[in-house]
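# Report on the structure
In case you want the letters, here they are:
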Amino acid sequence: MNLMLPKFVLLWTDAVMWALAAALLVYARVVWRSPTLRASWTLVFRDAAAFASAIVLGLCLVLTLLDSVHFRRALPAGVGSEAAASAVAYDTRTQSLLDALLVRLVDSREATYSRPLAYQSFTLESLTVDGEVRRLPPRLLHGGAHLSDPATQWSADIALRVAAGLVVGAVVALLLSAWTVRGVARRHGWAWREAAARVWRDDCDIRWRAALMMVTGLCLLAGPAALLMHDYHLLGTDRTGNDVFYQALKSIRTAFVIGTLATIATLPLAVGLGLMAGYFKGWVDEAIQYLYTVLSSVPNVLLIAACVLMVQVFLDQHPELFETGAERADLKLFLLCAILGLTGWAGLCRLLRAEALKLRELEYVQAATAFGVGPWRILARHLMPNVMHLVLITTVLDFSGLILYEAVLSYVGVGVDPSMNSFGGMINLARSEMSRDPVVWWSFAAAFGFMVTVVLAANFFADGVRDAFDPRARVFRARRAPAPVKAG
């Protein structure tokens, strides 16, 4: 029997996200070897909110990478000639590793709406009971299907799963905390008990207590969720019966792709033109100022909508370029990120121009000019390294804004492809659900809750990066001094 291997599909955003992950590992190695960068990033993790937010963003990054490995499953061999049997056909659906891990949520599709953790449908149907036709909610196909008498077993089953999940989450959090304390003890040469006491008192160079509290909270949420979503719909289902929790998890990748790719797409134009305008001055400066002034005068939403509609026309007229719908939706997402980057570089360019005007007058730049160093070498060797902290701060600050921008664009119908899960798409579909009676609130609440969590984590982390890398914006927070140790 031949082993039917899946066909791996490399999407545009998959390649970019994995390249960014590799670049992030390389940068982490550079930070570890550079005392200056290591000291700056230590200041970031001395901020309790920034450290806790970094853990949330790291978890979202792991989900994004799991959802960035796509493949198509091989179909069973057909019956007929030997040539037909030897030919391998693949499924038209493109799946990811996250889909494979959450395959039960994918397959547990209901007929229509259902409330979170419900075993009955949200809508009423005509059912025959004791010879009479009544309007009653029917049983769900998958949610609570293991219950023989749901009226009496449902509440006890939910309570038991929540309690077991809390115990499992607490054990995992305890093990992770013990492993972290052991690492702190080995790093500083402390005894294990002393390291545990210092972490508990928050008397370390890094705010480990805040990080462990965040890890504990995530474990206590993930434990019950993992046990409940196996046999229930944790956040209910939408109009077509799809699991809302699954859609929210899939939307995290879309938010991360737009936040990272669109931000990176702004860097070449913003950094290059900003440094050129500030260093060369004269007609170069005037031309670049005229360019970004004209770009800033056009309403962003209208400009982006026009570009997205042109992309949509091109995709509709060339369907032969794509084997599956996932490839078409991914290319539209990639081009949307490029459009956001090409229309949003003016702010960073203006900031770097002002910084370059100041740097070109410093002594070391004047000395390099006097020694005959070329202007492009001065830009690369003397100006660019001294503005990278501004680039880093602006990049992190713009990340959360682009996530919200995607929600607005998808809400007005010019965002990502409708077949791709996104927070804006979920909110757009929930627009009609919030106006019906009774209100279908869980789809909107799930999208809003997940999006706010990601945006808040990005904002707190951006504040920590800004305070660490920009001394002028640094806010000094008073910390409680450790209690004195009594002699004897």
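Residues numbered from 1 in each chain as written. Predicted model: local features only at pLDDT ≥ 70, side-chain atom pairs only at ≥ 80, totals over all residues. Heavy atoms only, no water.

## A word on the overall build of the protein chain
Condition: Where helices and strands are cited, they refer to DSSP runs of H or I of at least four residues and of E of at least two residues respectively, numbered from the N terminus. For the exposure calls, accessible area comes from a 1.4 Å probe over protein chains only, and a residue counts as buried if that area is under 20% of its type's maximum, exposed if over 50%, partly exposed in between. A contact between two residues is defined here by any heavy atoms of the two lying within 4.5 Å. All accessibility values rest on the Shrake-Rupley procedure with a 1.4 Å probe; residue burial counts only the protein chains present in the view.
Secondary structure summary: the protein chain contains 19 helices and 5 strands in total. Based on the C-alpha atoms only, the size of the protein chain along its principal axes is roughly 100 × 80 × 55 Å. The proportion of buried residues among the 488 residues of the protein chain is 42%. Sequence separation of 24 or more characterises 73% of the internal contacts of the protein chain that already satisfy a separation of 6 or more. Of the roughly 26,600 Å² that the protein chain leaves accessible, carbon and sulfur atoms contribute 67%.

## Let's talk about the side chain of R253
As a reminder of what qualifies: For this analysis, a polar contact is any N or O atom pair within 3.5 Å, provided that within protein one partner can donate a hydrogen and the other can accept it, and provided that sequence-adjacent residues contribute only side-chain to side-chain pairs.
Inspection of the secondary structure puts R253 in helix α10 (residues 244-280). At a separation of 2.7 Å, a polar atom in the side chain of R253 contacts the side chain of D14. The contacts of R253, once residues within four sequence positions are left out, are T13, D14, T64, D67, S68, H70, D330 and L333.

## Section: the nonpolar core
As a reminder of what qualifies: Throughout this description, the term nonpolar core refers to a set of buried Ala, Val, Leu, Ile, Met, Phe, Trp, Tyr and Cys residues connected via side-chain atoms within 4.5 Å.
Membership of the largest hydrophobic core comes to 49 residues, with the highest contact counts inside it found for V44 and V465. At 13 residues, the largest contribution of residues to this core is made by helix α19 (residues 442-469). In contact with V44, not counting residues within four places along its chain, are A50, F461, G464, V465, A468 and F469. One finds V271, L273, A277 and V284 within the second-largest nonpolar core, a separate group that totals 25 residues.

## Here we look at the pattern of salt bridges
Basically, it comes down to this: The term salt bridge refers to a side-chain nitrogen of Lys or Arg lying within 4 Å of a carboxyl oxygen of Asp or Glu.
Inspection of the entire model under this criterion finds 22 salt bridges. The closest approach of N and O atoms between E194 and R198, which form a salt bridge, is 3.3 Å. Residue E194 and its partner R198 are both found in helix α8 (residues 192-201); the two are separated by 4 residues, about one turn of the helix. The salt bridge involving D463 is made with R466; its shortest N-O contact spans 3.6 Å. You can see D463 and its partner R466 sitting in helix α19, 3 residues apart, about one turn around the helix. For D463, a relative accessible area of 26% translates into the label partly exposed. Within this structure, R104, D157, R161 and D231 form a network of salt bridges that share partners.

## Focus on the packing of aromatic side chains
Let me state the cut-off plainly: Only rings of Phe, Tyr and Trp enter the pairing, Trp through its six-membered ring, and a pair is recorded when the two centres are within 6.5 Å. The plane angle decides the type: under 30 degrees is stacked, over 60 is edge-to-face, the rest tilted. Only Lys NZ and Arg CZ are tested; either one counts as a charge over a ring when it is within 6 Å of the ring centre and within 35 degrees of the ring normal.
Within the structure shown, the criterion is met by 16 aromatic pairs. Each ring, one from W41 and one from F461, has its centre 6.3 Å from the other, and the planes form 25 degrees; the classification is stacked. Here the residue W41 occupies a position in helix α2 (residues 35-45), and F461 occupies one in helix α19, the gap between them amounting to 420 residues. Grouping residues by exposure puts W41 and F461 together as buried. Ring centres 5.3 Å apart and planes at 80 degrees place the aromatic pair Y279 and F280 in the edge-to-face group. Aromatic rings pair up to connect Y27, W41, F45, F51, W208 and F461 into one cluster. It is R198 that lies over the ring of W190; its NZ or CZ is 4.5 Å from the centre. Geometry around Y279 places R360 over its ring, the cationic atom sitting 5.6 Å from the centre.

## Considering the sheet that holds strand β1 (residues 7-9)
Under the convention used in this document: Whether two strands pair comes down to DSSP finding at least two bridges between them.
Spatial ordering of the open sheet is given by β1-β2-β3, a layout of 3 strands whose pairing is antiparallel. In this open sheet, the two edge strands, each paired with only one partner strand, are β1 and β3 (95-96). Bridge analysis of strand β2 (residues 70-72) against β3 gives 2 bridges, and the strand direction is antiparallel. Residue pairing across strands places F71 opposite Q95, the latter belonging to β3.

## Re the confidence of the model for the protein chain
Keep this limit in mind: Each residue carries a pLDDT score, the predictor's own confidence in it, on a scale running from 0 to 100.
On average, the protein chain scores 85 in pLDDT, and the residues at 70 or more come to 93%. By mean pLDDT, helix α4 (residues 82-86) is the weakest element of the protein chain at 53, and helix α9 (residues 208-228) is the strongest at 93.

## Focus: unusual backbone geometry
Within the chain, D202 stands out as a residue other than glycine whose phi angle is a positive 60 degrees. Of note, D202 is situated in the loop between α8 and α9.

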